[in-house]
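# A closer look at the structure
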Amino acid sequence: MRLSLNLRWVLVALVLVAGYPVLAQVPYDRIVRAAAEPQNWLTYNGGYFSQRYSTLSQVTAANVNDLEVKWMVQNQVFGAWQSNPLVVDGVMYLTERPNDVMAVDAKTGAMFWLYRYTPSDKARVCCGANNRGVAILGDTVFMGTLDAHLVAIDTKSGRPIWNTEVGDVNKAYSITMAPLVVKDKVLVGVGGGEFGIRGFVAAYEARTGKEAWRFYTIPGPGEPGHETWKDDDWEHGGAPAWITGSFDPNLNLTYWGIGNPGPDWNPDQRPGDNLYSDSVVALDADTGKLRWHFQFTPNDGYDYDSVQVPVLADMNWRGAPAKLMLWANRNGYVYALDRVTGKFLSGTPFVKVNWSSGLDERGRPIQTPQPAGQPTYPGNQGGTNWYPPSFSPRTGLFYFAAWDNYGTVYRKEESEYEPGRNFLGGGFTVVAPAAGAPTVGIGRRGPINNWTDEVGHGALLAVDPQTGSTKWRFEQFDVSDSGMLTTASDLLFTGGREGHFHALDARTGQLLWRASLGGQIVMAPITYQVEGKQYLSVIAGNTLVTFGLREARR
Amino acid sequence: MTMPRSVLIILGVAGLLAGAPERGDAQGSQDHQYTSQDIEAGSRVYTAQCALCHGVNGDTVSGIDLRRGKFRRSISDEDIAGVIAAGVPAAGMPGFTLRPAEVTAILAFIRAGFDPSGVAVKVGNVARGQELYASKGKCATCHRIAANGPRTAPDLTDIGAARSPAALQRALLDPTASMWPINRPVHIVTKDGREIRGRRLNEDTYTVQLIDQDERLVSLNKADLKVFEVGKTSPMPSAAGTFTADEVADLVAYLLSLKGMQ
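Here we summarise the structure given alongside this text. (Residues numbered from 1 in each chain as written. Chains lettered and ligands numbered in written order. Predicted model: local features only at pLDDT ≥ 70, side-chain atom pairs only at ≥ 80, totals over all residues.)

Before going further, it helps to spend a moment on the overall build of chain A. For chain A, the helix and strand inventory stands at 2 helices and 37 strands. Taking 554 residues into account, the globule formula puts the C-alpha radius of gyration at 24 Å, and chain A, at 22 Å, falls close to it. Viewed in the frame of its principal axes, chain A has a C-alpha envelope of about 75 × 55 × 50 Å. Taken over 554 residues, chain A has a buried fraction of 57%. Contacts in chain A between residues at least 24 apart in sequence constitute 58% of all its contacts with a sequence separation of at least 6. (Helix = DSSP H or I, 4+ residues; strand = E, 2+ residues; numbered from the N terminus. Rg over C-alpha atoms; globule rule 2.2 N^0.38 Å. Buried ≥ 20, exposed ≤ 12 C-beta atoms within 10 Å, placed from the backbone. Contact = placed C-beta atoms within 7 Å.)

See the structure below:
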């Protein structure tokens, strides 16, 4: 395309005036309107509402059996690969553990560049050197690091632009989530809930890396909610934020799920509700000021992090249009909240629950702690966890991975806080059919499933938010940490620890197609389009596999 | 298997990053005796910090078998604690910064032979146990050791490396309650009328793998099955009642001596 001379001068002038490249590839407006360009996958959760629903519809129930492998990228790094790629105008931005970023041709898998950041060897994380992806704004991608830095990287050259310390690695702050860009800021939260951190969500100027605001997930002295902690418990009470939040541009609110209080398993050691642990917080996107909160599990003794993705949906509620937030919680209840006010609308158990006998009219659980030595349901990894759900506006159903019939026996003890050290307050044992028999763990233990479904199993649930009831369920033999993807052709794509990548009818749960990829799927599949052709990408084991429809033979 | 030093170092670091122990403080040792809490806590710390390189059974680094108390240099608990703290750089083992209670827990776990239940089990005479295995026990009717015996029941070639004395005793006295679920007997009828009985080897959402009564490896799609039953009762008779306590101890001793291919 040739620009007229005048227009070119105008553009140059604009660049000079703004001091920022207005021709930047992904301005904020594009992210707000991500749904209008389904060929791309612009945020961790596919858009600010985090629905992981794509309007692409080339792949359908009628042709899903024609999916074939188009290309693969092999990861050279040991460990579970939880990353979620972005796709922008034919380029895929992908991370691998601990902190590599790759730019890959989304059509062929060929690599443009690879950026390697080596985190400090002091980095401490509870559950693996994970990284779940990058955020993009303009010509920059942003990655949080295992040693709690935020790094800005040029999308074209793969070279770092700035690097800001977000948290102190010596106190076991870490970042495993993909950041969230809102307007001209990069929002990120920190991990460290097993190490006695004081959690926070913070915003950084995208251009400079300068901190714009910080919201502590544990209120300090004088702030509302501080009274829910005793003595100095608030200083090392955990409440991390390690999964990407959501954003409602009209309300200018950004929503974040907050993790467990510390020490994890000894609630007696930290009397009080322990706000804002196990809560969702709604923050003013410009200032980080708290607008409302809702706590799912007060004074949690089960490690029921509420670090699920806040899924935003505009739909009718009791006959009237409403702005909702849908939430399948680690504590075993699936919730609907009013996302304008935080008002509790409904909460329904979706797996076996015995830590509480129900919720009161304000959504507060009636806790029923089990006697010492007796199993608690759901178990420590929860009824669900961080695995990204999906909401399809077409089916009106909410999809997520559940762990059914999975329980653990908890043991509490006093723990003393020491900076950078585990701060757990006891332990737990997974309920197994025989003493010493293998149990389900954080991540698949190997190709032989010698723990079996007797210690719990996976179930993909399709829940009707209007009633909280499960409309259909798809049972799996092993548990699943896989996220969900729905499309406008009413397909649901997901995986599981067994390495099967399957496509289901999103309305009925009927299995339509599957591929055995031979390694655990611990991320959510994405879909995108290049040159008019729809692709699906999923990571299994050490391999990212991209599928597309078989071309008609001539 | 020996690993290049660089790989070991990477694995060591990965182990540090990969896992917080699932439990924290252990009780301190008292009167020179580790408590069952120590041992149990140690199993968690071990799994998180040590198992990646040393293996679930403590025997994947050549020349070392932690579970059976075989070390390269260490003799005392103090020696082992020193190695944990300083590492063995020449062998690729990094030093670990653990709190004293965690070191105590690991020692307890190692000294208890990796048995979280921490039961002191009487271990008898290997030769008498071997005789009982062949004669009164009729164990070789179903079990296999090295290349000898049928494959009907799980292979015992390295059972002494894979199980603690307490677990072996439990398995002898109460086979049904101690059977690992993966080993359960299965009864299958396919939609085309084929009947199959065998022992389960692996299973996932769509398929099941087993060894049938004729010792064939069989893999089936569940969608092709009319009947798929997983039995909860072990086909193995209990030693309780038929064997004396001393005889059980001898069998435990023999099974413990089965360490696999050297």
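With that settled, the discussion passes to the overall build of chain B. Scanning chain B for helices and strands turns up 10 helices and 5 strands. The burial tally for chain B puts 38% of its 262 residues in the buried class. Put simply, 64% of the contacts in chain B that link residues at least 6 apart link residues at least 24 apart.

Let's shift gears to the interface of chain A and chain B. Facing 35 residues of chain A, the contacting portion of chain B comprises 26 residues. Among the elements that line the side of chain A that touches chain B, the one with the most residues is strand β28 (residues 426–430) of chain A, at 3 residues. Residue composition of the side of chain A that touches chain B, by class: 15 nonpolar, 13 polar and 7 charged. (Nonpolar A, V, L, I, M, F, W, Y, C, P; charged D, E, K, R; others polar.)

Further remarks concern the pairing of strand β33 (residues 500–505) of chain A. Note on strand geometry: in a regular strand, side chains alternate between the two faces of the sheet. Residue and element names in this part refer to chain A. Along β33, 5 of the 6 residues are buried, which leaves the element largely enclosed by surrounding structure. Alignment of strand β32 (residues 491–494) against β33, held across 4 bridges, turns out to be antiparallel. The partner of Leu491 across the bridge, within β33, is Asp505. Here β32 folds back onto β33 in antiparallel fashion, the turn holding 5 residues, of which Gly499 has a positive phi close to 85°. (Pairing = 2+ DSSP bridges.)

Let's shift gears to the environment of Pro388 of chain A. All names here are of chain A. By the element assignment, Pro388 lies in the loop between β24 (365–367) and β25 (390–392). Taking C-alpha positions, Pro388 is 9.2 Å from Ile243, a pair spaced 145 residues apart along the chain. Residues in contact with Pro388, not counting those within four places in the same chain, are Asn45, Arg52, Val309, Gly483, Met484 and Ala524.

Before going further, it helps to examine the sheet that holds strand β2 (residues 195–203) of chain B. All names here are of chain B. On the basis of which strands lie adjacent, the open sheet formed by 5 strands has the order β4-β3-β2-β1-β5 and antiparallel pairing. Each edge of the sheet is formed by a strand with only one pairing partner; in this case those strands are β4 (217–221) and β5 (225–230). Here the strands of the sheet are splayed against their neighbours by 40° on average, with no regard to which way each runs. Judged from the 5 bridges that link them, strand β1 (residues 185–190) and β5 form a sheet pairing that is antiparallel. In the strand pairing of β5, Ile188 is matched with Phe228. (Axes fitted to C-alpha atoms, helices over the stretch in contact; angles between N-to-C directions.)

As a further point, take the nonpolar core. By size, the foremost hydrophobic cluster in this structure holds 157 residues, and its most contacted members are Tyr93, Val134, Ala135, Ile136 and Val186 of chain A. With 7 residues, strand β26 (residues 397–404) of chain A is the single largest residue contributor to this core. Excluding residues that lie within four positions of it along the chain, Ile136 of chain A makes contacts with Val26, Leu42, Leu86, Val88, Tyr93, Val141, Thr155 and Val181 of chain A. In terms of nonpolar packing, the next biggest core, distinct from the first, is built from 21 residues, Tyr46, Cys50, Ile106 and Phe109 of chain B among them. (Core = buried A, V, L, I, M, F, W, Y, C linked by C-beta atoms within 7 Å.)

This paragraph deals with the packing of helix α4 (residues 77–86) of chain B against helix α5 (residues 100–111) of chain B. All names here are of chain B. Relative to each other, α4 and α5 sit at 125°, their axes nearing to 10 Å. Put simply, α4 runs oblique to α5. The two elements α4 and α5 meet at a crossing, and its hand is right-handed. Residues Asp77, Ile80, Ala81 and Ile84 of α4 form the contact with α5, whose own contacting residues are Val103, Ile106, Leu107 and Ile110. (Parallel < 35°, antiparallel > 145°, perpendicular 65-115°, else oblique. Left-handed = near helix turned anticlockwise from the far one by under 90°.)

What follows covers the pairing of strand β10 (residues 160–165) of chain A. Residue and element names in this part refer to chain A. Judged from the 5 bridges that link them, strand β9 (residues 149–154) and β10 form a sheet pairing that is antiparallel. Looking at β10, one finds that Leu150 is bridged to Thr164. Hairpin remark: β9 followed by β10, antiparallel, with 5 residues in the connecting loop; positive phi at Gly158, about 75°.

So, on to the sheet that holds strand β8 (residues 140–144) of chain A. Residue and element names in this part refer to chain A. Pairing within the open sheet is antiparallel, and its 4 strands lie in the order β7-β8-β9-β10. Lying at the two open borders of the sheet, with one neighbouring strand each, are β7 (135–137) and β10. Pairs of neighbouring strands in the sheet enclose a mean axial angle of 20°, with direction left out of account. Bridging between β8 and β9 involves 5 bridges; their strand directions are antiparallel. Of the residues in β9, the one forming a bridge with Val141 is Ile153.

Residue and element names in this part refer to chain B. The first and last C-alpha atoms of α5 sit 16 Å apart over 12 residues, in line with the 16 Å expected at 1.5 Å per residue. α5 sits mainly inside the fold: 9 of its 12 residues count as buried. Of the residues making up α5, those classed as buried are Glu102, Val103, Thr104, Ala105, Ile106, Leu107, Ala108, Phe109 and Ile110. Positioned one or two residues after α5, Gly113 has a phi angle of 70°, which is positive. (Expected span 1.5 Å × (residues − 1).)

With that out of the way, let us pick up the environment of Val409 of chain A. Topologically, Val409 of chain A is positioned in strand β27 (residues 408–412). For Val409 of chain A and Tyr302 of chain A, which are 107 residues apart along the polypeptide, the C-alpha to C-alpha distance reads 9.8 Å.

Let us look at unusual backbone geometry. Residue and element names in this part refer to chain A. Here Arg97 and Pro98 are connected by a cis peptide whose omega angle stands at -10°. Looking at the element boundaries, Pro98 is found in the loop between β4 (91–96) and β5 (100–105). The omega angle of the peptide bond from Tyr377 to Pro378 is -10°, so this bond is cis rather than trans. Positionally, Pro378 belongs in the loop between β24 and β25. Of note in the backbone geometry, Arg52 takes a positive phi value of approximately 50° without being a glycine. Position of Arg52 among the secondary structure elements: in the loop between α2 (28–32) and β1 (53–54). With a phi angle near 50°, Asp231 is a residue other than glycine that sits in the positive phi range. Inspection of the secondary structure puts Asp231 in the loop between β14 (211–216) and β15 (246–248).

Further remarks concern the packing of helix α2 (residues 36–49) of chain B against α5 of chain B. All names here are of chain B. In contact at an axis separation of 7 Å, α2 and α5 are set at 100° when each is read in the N-to-C sense. It follows that α2 is roughly perpendicular to α5 by the angle criterion. Contacts between α2 and α5 pair Asp38, Ile39, Ala41, Gly42, Ser43, Val45 and Tyr46 from the former with Glu102, Thr104, Ala105, Ile106, Ala108 and Phe109 from the latter. Tallied by class, the residues present in the contact of α2 with α5 amount to 8 nonpolar, 3 polar and 2 charged.

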